[in-house]
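Observations on the model geometry
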Amino acid sequence: MRASVAGCRMSVGALLNGLLVSVVAALLWKYSKLSEHAALLEEELHMTRQSQEISQARIDYHVALQALQDHGTRMVCTGKMHTDRICRFDYLCYCSEAEEFVFFHSNSSVMLPNLGSRRFQPALLDLSSVEDHNTQYFNFLELPAAALKFMPKPVFVPDVTLILNRFNPDNLMHVFHDDLLPAFYTMKQYTDLDDEARLVFMEGWGEGPHFDLYRLLSTKQPLLKEQLRNFGKLMCFTKSYVGLSKMTTWYQYGFVQPQGPKANILVSGNEIRQFARALMEKMNITRVEEAERDGGSVVDEKQRDKKDEYIVVFSRSTTRLILNEAELIMALAQEFQMRVVTVSLEEQSFPSIVQVISGASMVVSMHGAQLITSLFLPRGAVVVELFPFAVNPEQYTPYKTLTSLPGMDLHYISWRNTKEENTITHPDRPWEQGGIAHLEKEEQQRILASKDVPRHLCCRNPEWLFRIYQDTLVDIPSFLEVLKEGMKTKPSLKKAKLPTTVHPGRVREPQCQTSVQTTNEAKLTVSWQIPWNLKYLKVREVKYEVWIQEQGENTYMPYILPQQNYTFSENIKPFTTYLVWVRCIFNKNLLGPFADVLMCRT
């Protein structure tokens, strides 16, 4: 009996011990889970803080991480080729250790276009507006979303971002032509790339001397590639656009063929002037004529215009100097009876220079990046570009091309130094500033003897660099002669009567009637009504273009006609089907679309 009781007591004790151990184990497990959860929450809070260091936008870190893990990366692009493609991404990530973008695949990922290996021939897209340059290509690595479990916790960028490369942020021409203009109109292309979008520059340069100009595009500070390391090993952009529109560029720099205007220029002066106006507003600059129009007194316009006209001369302080700048300024003042002011990129703020340029009647400058400020000139102004000895103005035309764009309404004149004795060369400078001392003696002598830099490719041609960095003593008589001759061809700019660039619409109600005269003779009559928009326009000249093609043939007969109906008999055969197209032409060169093709059976 005692043994039985003792056995009972031991069983109860063992049971109680077992229960105690189980309870303790459960409590420890729960504590462990709570500690793990607390650590996870603390980690998410830390990552949220890191995300909010980049942006003031609020983000639910757990929701963002879950979205990335569940849905992966999503990409939809526009454009058929890497040269015209821009891609929108949700949750595109960047690994700062590998310096690679990462696309995370899940069952919900989207990749359009899905190019397979063609994505690397040569790239998905160009990060810069400079077309098909192998230092500007963009691509990404691919990983399964499950790999996120083994990677550093991502920092999320909640801002909508535009990811791009600046091409050469040290050069003002490149800043405007390759970066600012393309970025401005890329942002116009997508409604969520607004003033609060974030620009991310991935080319690896530092800020550069013109970084304040990039800041004008957004209220948020742009991010540099080097800065991304500060925010974590893995950054994920919740919504981003990658690439730049090339529609606003007008010049190519000679990587494949010698530099010159692009073959297919898609921008006009109208878009460039809108861009310039937007930048001036950001810099709190108002054009002189706009200020007077808004609040000035009514005075004789001709007297006021004459009184306020002035010429701007760009002064350079380090290279490509005008050695007799003071004499040139005096000659301009006497010739045109205007005051002459000088501006300098090295010595003045950029907004102050734009303020002066925006009211000038003429700008005179040596060839150089500062001439890109011509896009701020008022309509009717004159751009005078000076070229050193042996440099042919016809081979270097970024600013001539700019001023010639329809709607810029600027007049361009170039002057070239033809006197070698009026030049100072610098053969002992570093090669990037025109020095040639590093070259073989024979090559140095050839360059020194040359009177004309031959056409060449970018970017390190020593003869071009040697000549373009010369200092010049401007021959005043020849300069004034070129200026006088050039001013003779300056078109008059009529205020409020700008030439129309409105294209005609389709002709309406096109019809055809046929008749057979004999077994060898037939007639085809085509008629139509005027385009709908014509009655609202003042157009000097209206004509119509008609194409007639025999069905099954490859050639067609074109006609330009002044009237809205016409009977054709020449080359019209009986019992034959003809295809007929009709369109309208305004002022000789503004073409409308063809109306739907007519099928006319004789």
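An unreviewed UniProt entry lists the protein under the name Protein O-linked-mannose beta-1,4-N-acetylglucosaminyltransferase 2, with Anabas testudineus given as the organism. Quoted verbatim from the Subcellular location (unreviewed entry) field of UniProt, the annotation for the protein is "Endoplasmic reticulum membrane". Turning to the protein, the UniProt record has this under Sequence similarities (unreviewed entry): "Belongs to the glycosyltransferase 61 family."

A look at the pattern of salt bridges
On inspection of all chains with the given rule, the structure shows 27 salt bridges. A salt bridge links aspartate 90 to arginine 74, with the shortest nitrogen-to-oxygen separation between them at 3.6 Å. With aspartate 90 in strand β2 (residues 86–95) and arginine 74 in strand β1 (residues 74–78), this residue pair connects regions lying 16 residues apart in the sequence. Arginine 74 gets classed as partly exposed once you look at its relative accessible area, which sits at 24%.

Re the state of the cysteines
One pass over the full model with this rule turns up four disulfides. For cysteine 93, the disulfide goes to cysteine 236, at an S-S distance of 2.0 Å. Its S-S torsion of about 105° marks the bond between cysteine 93 and cysteine 236 as right-handed, since a negative value means left-handed. With cysteine 93 in strand β2 and cysteine 236 in strand β11 (residues 234–242), the pair connects residues that are 143 residues apart, well separated along the chain. When its relative accessible area of 0% is taken as the criterion, cysteine 93 is described as buried. Looking at cysteine 236, the relative accessible area reads 0%, which means it is buried. Put simply, cysteine 512 and cysteine 600 are joined by a disulfide, and their sulfur atoms are 2.2 Å apart.

Description of the environment of methionine 187
Following the sequence through the fold, methionine 187 ends up in helix α3 (residues 172–189). Given a relative accessible area of 8%, methionine 187 falls into the buried group. Expressed as a C-alpha distance, the spacing of methionine 187 and tyrosine 241, which sit 54 residues apart in the sequence, is 9.4 Å. Methionine 187 has contacts with Leu162, Leu193, Asp194, Ala197, Leu199 and Leu217, leaving out every residue within four places of it along the chain.

Observations regarding the packing of helix α9 (residues 325–336) against helix α14 (residues 476–488)
One way to put it is that α9 packs onto α14 with a least axis distance of 11 Å and a crossing angle of 40°. What the angle tells us is that α9 and α14 run oblique. Seen along the crossing, α9 lies across α14 with a hand that is right-handed. Of α14, the residues touching α9 (which contributes Glu327, Leu328, Ala331, Leu332, Glu335 and Phe336) are Ile476, Phe479, Leu480, Leu483, Lys484 and Met487. For the contact of α9 with α14, the class distribution of residues is nine nonpolar, no polar and three charged.

The rules behind these values
Residues numbered from 1 in each chain as written. Predicted model: local features only at pLDDT ≥ 70, side-chain atom pairs only at ≥ 80, totals over all residues. Heavy atoms only, no water. UniProt positions renumbered as here; feature names shortened; annotations may be inferred. Salt bridge = Lys/Arg side-chain N within 4 Å of Asp/Glu carboxyl O. Helix = DSSP H or I, 4+ residues; strand = E, 2+ residues; numbered from the N terminus. Buried < 20%, exposed > 50% of the residue type's maximum accessible area, 1.4 Å probe, protein only. Disulfide = S-S within 2.5 Å. Contact = heavy atoms within 4.5 Å. Axes fitted to C-alpha atoms, helices over the stretch in contact; angles between N-to-C directions. Parallel < 35°, antiparallel > 145°, perpendicular 65-115°, else oblique. Left-handed = near helix turned anticlockwise from the far one by under 90°. Nonpolar A, V, L, I, M, F, W, Y, C, P; charged D, E, K, R; others polar.

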